[in-house]
Amino acid sequence: MAEPWSGQSLQTLSATVLGALGALGSEFLREWEAQDMRVTLFKLLLLWLVLSLLGIQLAWGFYGSTVTGLYHRPGSPPHSIKQYLWPLT
């Protein structure tokens, strides 16, 4: 049977994860400050993503109720699929 996680192993794991994230963050900041081409492309892609999400949010605010209305038809649901497949029976 597997032994339960101890407090010491959780602390070691969290310290390792935080150390790795800290190293990744510092490397990212060094490249960000260097202003090389990869960072410039990243900034452009990040801007494109943010603007796209903002556009989707605004469009959903204007047209969300219309889109939702397309999926919900008034009236009762059909009794069976058979009436759609064989309407002459």
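If you check an unreviewed UniProt entry, the protein chain appears there as T-cell leukemia translocation-altered gene protein isoform X3 from Camelus ferus. The Function (unreviewed entry) comment attached to the protein chain in UniProt states, word for word, "May be required for cellular fusion during osteoclastogenesis." Under Subcellular location (unreviewed entry), UniProt gives the following word-for-word description of the protein chain: "Membrane".

Enquirer: How should I be thinking about the UniProt feature "transmembrane region" (unreviewed entry) in the protein chain in this particular structure?
Expert: Per the UniProt record, "transmembrane region" (unreviewed entry) is annotated on residues 12-29 and 41-63. With 100% helix and 0% strand, residues 41-63 has its two end C-alpha atoms placed 32 Å apart.

What counts, and where the lines are drawn
- Residues numbered from 1 in each chain as written.
- Predicted model: local features only at pLDDT ≥ 70, side-chain atom pairs only at ≥ 80, totals over all residues.
- Heavy atoms only, no water.
- UniProt positions renumbered as here; feature names shortened; annotations may be inferred.
- Helix = DSSP H or I, 4+ residues; strand = E, 2+ residues; numbered from the N terminus.

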